[in-house]
Structure formats: structure tokens, C-alpha cells
Amino acid sequence: MSTTPISSSGRPGAVQGLIRAHGVTKVYSSKSGPVRALDGLDISVPEGTVMALLGPNGAGKTTAVKVLTTLIKPDAGTLSIDGIDVLAEPKEVRRIIGVSGQYAAVDENLTGQENLRMVGRLYHLSAKEARTRAAELIDMFELTDAGNRPVKGYSGGMRRRLDLAGALVNSPRVLFLDEPTTGLDPRSRLALWQVIKDLVAAGTTLLLTTQYLEEADQLADSVAVIDRGAVIAEGTSDQLKSRIGGHSVAVALMDGNDAAAAREILARHGSGAPHTADDGRTLEVAVQNGPASLQLVLADLQSRDVGLHDAGIRRPTLDDVFLQLTGRPAEEDQDPRDPSAVDGQGKSARHGEGVRR
Amino acid sequence: MSAAAARLPATAARGNSAAANWAADGWTVTRRNLIKIKRSPDMIIFAVLQPVMFVLLFSQVYGGSINVAGTDYTQYLMAGIFAQTVVFGSTFSGAAMAQDLKEGIIDRFRTLPMSPSAVLIGRTNSDLALNAISVLIMMGTGLLVGWRVNTSFASFLAAVGLLLLFSYSFSWVMALLGMTVRTPETINNASFMILFPLTFISNAFVQSSTLPAPLRIFADWNPVSALVQAVRELFGNLGTTPVPDTWPMQHAVATVLIGSAAMLLIFVPLAVRKFESVSSR
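Sequence order as written defines the numbering, with residues in each chain counted from 1. Chain letters and ligand numbers both follow the written order, the letters beginning at A and the numbers at 1. Only residues with pLDDT of at least 70 get local features here, since the model is predicted, and only at 80 or more are side-chain atom pairs given and counted; chain-wide, interface and lining totals rely on the full set of residues.

## Focus on the nonpolar core
Here's step 1: For our purposes the nonpolar core covers buried Ala, Val, Leu, Ile, Met, Phe, Trp, Tyr and Cys residues that link as a set through C-beta atoms within 7 Å. Counting other C-beta atoms within 10 Å of a residue's C-beta gives its exposure: the residue is buried at 20 or more, exposed at 12 or fewer, and partly exposed in between, where C-beta atoms are placed from the backbone. Counting residues in hydrophobic clusters, the biggest one holds 145 residues, and the most contacted among them are A:A52, A:L54, B:F82, B:A83, B:L227 and B:V231.
Here's step 2: Sorting elements by how many residues they give to this core places helix α3 (residues 73-103) of chain B first, with 16 residues.
Here's step 3: Contact between two residues is assigned when their C-beta atoms, built from the backbone, lie within 7 Å. Residue contacts for A:A52: discarding those within four places in its chain leaves A:L208, A:T210, A:A216, A:L219, A:A220 and A:V223.
Here's step 4: A:V249, A:I265, A:L266 and A:V297 belong to the second largest nonpolar core, which has 14 residues in total. In this text, helices come from DSSP runs of H or I with a minimum length of four residues, and strands from runs of E with a minimum of two, each type numbered from the N-terminal end.

## Considerations on the confidence of the model for chain A
Residue and element names in this part refer to chain A.
Here's step 1: The predictor reports its confidence for every residue as pLDDT, a score running from 0 up to 100. Here chain A averages 83 in pLDDT, and 87% of its residues register 70 or above.
Here's step 2: Per-residue pLDDT stays below 50 along residues 4-15; that stretch engages in 14 contacts with residues further than four places along the chain or on separate chains.
Here's step 3: The model gives residues 332-357 a pLDDT under 50, and that stretch makes 47 contacts with residues more than four places away or in other chains.

## Some points on helix α2 (residues 41-62) of chain B
All names here are of chain B.
Here's step 1: Every helix has an expected span of 1.5 Å times one less than the residues it contains. Under the 1.5 Å per step criterion, the end-to-end length of α2 is 30 Å for 22 residues, consistent within 8% with the ideal 32 Å.
Here's step 2: By definition, a residue's bend is the angle between the axes fitted to the seven residues ending there and the seven starting there. Maximal helix bending in α2 amounts to about 30 degrees, located at L49; proline P51 follows within four positions.
Here's step 3: Of all the positions in α2, only A47, P51, V55, F58 and S59 are classed as buried.
Here's step 4: Among the structural elements, α3 and α5 (118-144) are those in contact with the buried residues of α2.

## Description of the interface of chain A and chain B
Here's step 1: Every contact between the two is made by 42 residues of chain A and, on the other side, 32 residues of chain B.
Here's step 2: Where the side of chain A that touches chain B is concerned, the elements lending two or more residues are α2 (90-96), β7 (97-100), α3 (112-122), α4 (127-140) and α6 (186-201) of chain A.

## Observations concerning the packing of α3(A) against helix α1 (residues 18-38) of chain B
Here's step 1: Where helices are involved, their axes are fitted lines through C-alpha atoms of the stretch in contact, as for all axes, and angles between N-to-C directions lie from 0 to 180°. α1(B) packs onto α3(A) with a crossing angle of 165 degrees between their chain directions and a minimal axis gap of 9 Å. Regarding the angle of α3(A) to α1(B), the classification is roughly antiparallel. Crossing hand, α3(A) versus α1(B): left-handed. Residues A:E114, A:M118, A:R121 and A:L122 of α3(A) lie in contact with α1(B), whose contacting residues are B:D25, B:T28, B:R32 and B:I35. An angle counts as roughly parallel when it lies under 35 degrees, as roughly antiparallel when it exceeds 145, as roughly perpendicular when it falls between 65 and 115, and as oblique in every other case. For any helix crossing, the convention is left-handed if the near helix is rotated counterclockwise from the far helix by under a right angle, and right-handed if that rotation is clockwise.

Set out below in C-alpha cells:
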């Protein structure tokens, strides 16, 4: 599987990446035979930048983070962080990295403060230093009120924040975040994005994984699209989006008999041919300017008395990227029984990026 | 939320010796586990109430119906209950390792520059403490129902030492099992399936001479029997019962010492090696 270059202009710092993986392969055995979780993964993240590994469930994102953070050993390939060989000197690597996983790795029975103090002690801070650092991080992550309560009673967002705080105890130069906002409500997600942006502004080098194009767009300098354990495309978020097209306008009709009229209107305001879904009542067209086109489309539809269930601007999602790069939907392998998985639009609606009112 | 505070100077590279860090790491994890035990009422009940119940039930229910030569059943029984309880107590090390793995906290530990054996040392230490508490409580209950130590204080301490040494060594076996099996429920079920025969087909509750031949042979070679026999001897609770003619029963104290040492020599390195490669899924 070769990497599809999005842009021919190679970034100068890429060769000297602070985080580097080359030809990394990891095969798991499973009941249905060997699974190649990583299949020649190559990445390089220059110092002080953010790279997002973008891919669906099962693409190998978490395995990539695990091999880089010394948690699992790959079958082949080389890995280094700040020039330190991850396989030869895992302990040295652990001193300079911070890791926050997909599932908050915090102790339910300890309080927030106790969790962070324990991590501080295991970084060999003195008891006093560990206590000071824990208190600082608790305040920084707005957990002050809950800091002395057992984590059992924390919400999902609070646990994630505490877990991220745990990854920062040692003020790491290099941070790994595995799907930091998966499962969070929109407000917690925005708050966590801000924390991450602040960390990056302060000079932290970050590798994060995500299933959301929007998240990669918000946080990352460069995006590596990962599929079946290898990088299949790499570039800036803008390069990715320009490759797959920008916004589109989508409408869902009350009455399928209006489809012809709606199709004509969408064609007039869109930048390509409208696409009609199998149900015959959901239409979509790529547009240059989302909001302006939506207004025009809605005005024309109203003048023709076309009733609507739903209408909105659809932003490109991971599914669009995937469909474009691989010719198949993002989660085809994961859930073959789910009919919406073969329909890019149905799938993207589940990611919260679908047709908006 | 400001990130300014996130750029503290890294203080990890301190001049502490590796040995000092190792001890400190072990203590940090032990403390974490002890806090956890303190805050989980069900664990306290397991460690405190269950042994009390066993002592009372066995001594009061079977006390009158089982005859032991040269002593009464309550005297004879206690060593068996102590041994059974500490052996079962050790299974907690396995369930707890599986639970920590499931919750992802092991992943957190493994990304820290701590000593790789510290988590296992902390685990086995805190379970040793829990077992010690169980033994103390059982002994207190035993004294209340008429159990007595008929030897010296030194023998008494040696007996307690053997119980705890055996259970500590067995904790390492269970910890390895917990990381291999990975589900706390499976660990609990599997240890039930293995430990019930191991503790019941032994001399813990009855003399092995009363058992049918195949079970008797098993019981006379069973390491749990050796532990019970050793403790019984040291407490002076043997009465005039004959000692079965197998090497482990004739040399019970030596068998427990050798068995514990063997478990530690084999399973400490295996468990530490396993720890260095496990990760949540």
C-alpha cells in the first residue's frame, strides 16, 4: 500500500521528526486468523507541531499510539522519540512522554488529587512536589470542587480531563492523545480542544488520533489518514478537504414526487450534479459557498412549494475522505450488517456531522 | 484553563538510586491498593466477616460430630481454616490485576518511568496485608470459641509466618494468571474450581486417613495439606493423630518453605516479564 501524496511539497522538518515511526508492523493473532493491526506504518512529527492520525475504528490508530508509547512491541520497524530508540530504551522514552488513552486510565476508588499525586510519586517527585503539581493540575482542569472526591462519581468529561491531567504531571515535551474526545458531549469536547490548543501553543509536540475530520481540522498541523495499519494519505487539513471537495447542501423532501423539481433547483445552485439517495427523497449537491447556496436553494424550494423534512449544509467527514481515498466507506469492515454503513450519508449523520437544520 | 502551568521544569530525573526508586514505587502502589481496599466495603467484608463465619460455622456445626484423637475438633480445625482462608485470599491478586488491566490503569503505569516490578510488588504487598488482617481476626475468633496455641510464642510466630509466606508466594502465581486470563470474573470462577478441591481434598477439615484411597493419596501429597500440617504442628493442635507416611507430611515445614521458594523463584520473573508486555485492548 503506497502513500498517496496530496501535495508534492514535502515539509522540510519532516525528516527530523521528534516522533518517528518507520515501517512499523504489528500482527495480532485472532480466532479468524492473523490481523495486521499495523502494516508498514510511517510517520514523522516535527517538534512543536501536531499530527492527527485520522481513521475509522480498527484502522490501527490505537495500536500506533501503543507502539510509540512503549506499551506494545511491534513485530518489525523502528520507532524513536526525540532521537531515543523506543524499543531499546523504553524507560528513557517514558520520562519525556505523556499519554492519555481512549478510555480514561484513572483509579475509580482514589480521589482526583490522589490519582495525580500517585502519578507524581511514580515520576519520582517528592511527596511535596507531587502534592503541589496535583493541586495545580486539578485547578487547571477545573476539577477543584471534585478534586477530593473519589473518581467513581465523576462524569465522562471529568474523567477524561483527569486522565489528560495525569498525562501532564511530568510536563512532557511529547504528548500522545488517543481519541481524546470520543464519547464526550459537544461542550466537553470544545473545552478539551481549548486545553489541547493551549498545550500546543506552549510548545508541546502532539500526536493525536481521531475519527473526526473536524477535530483534525481544529487541532492538527498535519493529518495522516490511516487505513488497515498504514498511512494512505498525508497533508494539511486544507489539502485533504480540497481534495475531497468542500461543503454540500442536502435536502430531505416530504414528498418524493417533488424530487425532479428539487433536483433542478440543486443543480442550478450547486457546483456539480446533484446526487439522489436510494430513498428518492434525499438529495445532495456540492457547493462553493455553503450558507449562501443553502439560502438560495431554500428560497427556490419555497417558491415551488416543496415541503421539507430536513435541509442543511453538510461538511465533509471522515467517510467522504475515506470514500475518496479508498473507494469504500470508512467502517465497512466493522459492521457489515449495518445498512447505513454502505451509505456514506447515513453513516456521517451518526458522526454528528450530517444534515443540520 | 491555562496551559502556562503545564510547563513546569521536569523533575523526574532525580539523583535517587534505582533501589530507592524501586522501593518507593512499590510503596506508592501498595498505598494505592490499601486505600482502595479501605474504600470498598465488600472487600472488607470478604476479608473480615467471611473468616469469622467460617471459624464459627465449622467449629460449632462439625465440632461435636468429628472426633480427633487426643484433642477436640476445634483445636484441630483452626489450622485448616487459616490455611484455606489465606489461599483463597491470594486469588484476589489475580482478580485485581485483571481488573486493573481492564480499567486501563495498567496502561497508565506502564507509560511511567517506574520500576516494572513495582505494580506487582504493590499488589502482592497489599494482599499480604489483607491476608494478615484475616488471619488476626480468625485467630481472635478462634480464641473465643476455645482454640488454644499449646506451644511457644516462637512457634506461634513461625506458624503465622508460614501462612503468610505461602499466601504471598501464591499471590504471585495468581497475579500472573490474572494478567493472562484478563477477566476478573473468570479468575474468580477458575480459582473456585481449582481451590475448592485443593483445600477440601486435604487434611484441612478431616484426617486424610478417613478419605477413600485416591483422595487420600492426593491429600497426603497436596501442598495445602503440608501447610495445614506445618501450622498444626507449630500450634500444637495435632493431638495424637498419626502423621501420614509421605515426605511432604513428614517434613511439612520444609515442604512449605521449599514450595514457597519455588513459587517465588518461578513466578516472580514470569509475572514481571508478563507485566512488561500486557496492555488493555
